[in-house]
Amino acid sequence: MLWLIENRALLPGITTVSRLVTEVRREGLAAINRALVEVAPPHMRGELVATLTVPEGKKVSVLE
């Protein structure tokens, strides 16, 4: 990023670049999630979701 600024190769502002990077990351993560859901057996999906549930009296899920 610094090289781009020093060499005046970066035309959009930092906020624009930041938004673009965030959007690309979000789309990439969504694609990975879709691919994993497609190959995971239904019983495994339920087990994975259950690891995210925070038990009563606890502050974090089993996964954490």
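Source: prediction; values computed, not measured.

### Overview of the overall build of the protein chain
Helix and strand counts for the protein chain come out as three helices and zero strands. If you list the helices and strands of the protein chain from N to C, you get α-α-α. Computed over C-alpha atoms, the radius of gyration of the protein chain comes to 20 Å, more than 25% over the 11 Å expected from 2.2 N^0.38 for 64 residues, which places it beyond the range of a compact globule. Burial statistics for the protein chain: of 64 residues in total, 5% are counted as buried.

### Observations regarding the layout of surface pockets
Of the volumes computed, that of the largest pocket is approximately 160 Å³. Lining the largest pocket are Asn33, Leu36, Val37, Ala40, Arg45, Leu48, Val49 and Leu52. Put simply, the parts of the chain that give the lining of the largest pocket at least two residues each are α2 (14-39) and α3 (42-50). Looking at the lining of the largest pocket residue by residue, the classes come out as six nonpolar, one polar and one charged.

### Concerning the confidence of the model for the protein chain
Here the protein chain averages 87 in pLDDT, while 95% of its residues score no lower than 70. Mean pLDDT across the elements of the protein chain bottoms out in helix α1 (residues 2-6) (78) and peaks in α2 (92).

### Examining a nonpolar patch on the surface
Together, Met1, Trp3, Leu4, Ile5 and Ile14 line one region of the surface with nonpolar side chains, adding up to about 520 Å² of accessible area. The element contributing the most residues to the nonpolar patch is α1, with three residues. Turning to its location among the elements, tryptophan 3 is positioned in helix α1. Residue class for tryptophan 3 comes out exposed when judged on its relative accessible area of 57%.

What counts as what
- In this convention, every chain numbers its residues from 1, walking through the sequence in written order.
- Confidence filtering applies because this is a predicted model: local features only for residues at pLDDT of at least 70, side-chain atom pairs given and counted only at 80 or more, and all residues used for totals across whole chains, interfaces and linings.
- Remark: hydrogens and water are excluded; side-chain values derive from all non-hydrogen atoms of the structure.
- Secondary structure follows DSSP: runs of H or I at least 4 residues long count as helices, runs of E at least 2 residues long count as strands, and numbering of each begins at the N terminus.
- Radius of gyration here uses only the C-alpha atoms, and the compact-globule reference equals 2.2 Å multiplied by the residue count raised to the power 0.38.
- Burial status follows relative accessibility: with a 1.4 Å probe on protein chains alone, a residue under 20% of its type maximum counts as buried, one over 50% as exposed, and anything between as partly exposed.
- Using protein atoms alone on a 1 Å grid, points that fit a 1.4 Å probe yet trap it form a cavity, whereas open point sets bounded by protein on both sides within 12 Å along at least five of seven lines form a pocket; residues with an atom within 4 Å of a point count as lining.
- Grid points are joined across faces, edges and corners, and a volume is the space filled by probe spheres set on the points.
- Residue polarity follows a fixed list, in which Ala, Val, Leu, Ile, Met, Phe, Trp, Tyr, Cys and Pro are nonpolar, Asp, Glu, Lys and Arg are charged, and the others, Gly among them, are polar.
- Every residue carries a pLDDT, the predictor's confidence in it, which falls somewhere between 0 and 100.
- For patch building, the residue pool is restricted to those with more than 30% relative accessible area and no salt bridge; the joining distance is 9 Å between like charges and 5 Å between nonpolar side chains (Val, Leu, Ile, Met, Phe, Trp, Tyr).
- Note on areas: these come from Shrake-Rupley sampling with a 1.4 Å probe, and a residue is covered only by the protein chains present in the view.
- Throughout this description, the term salt bridge denotes a Lys or Arg side-chain nitrogen within 4 Å of a carboxyl oxygen of Asp or Glu.

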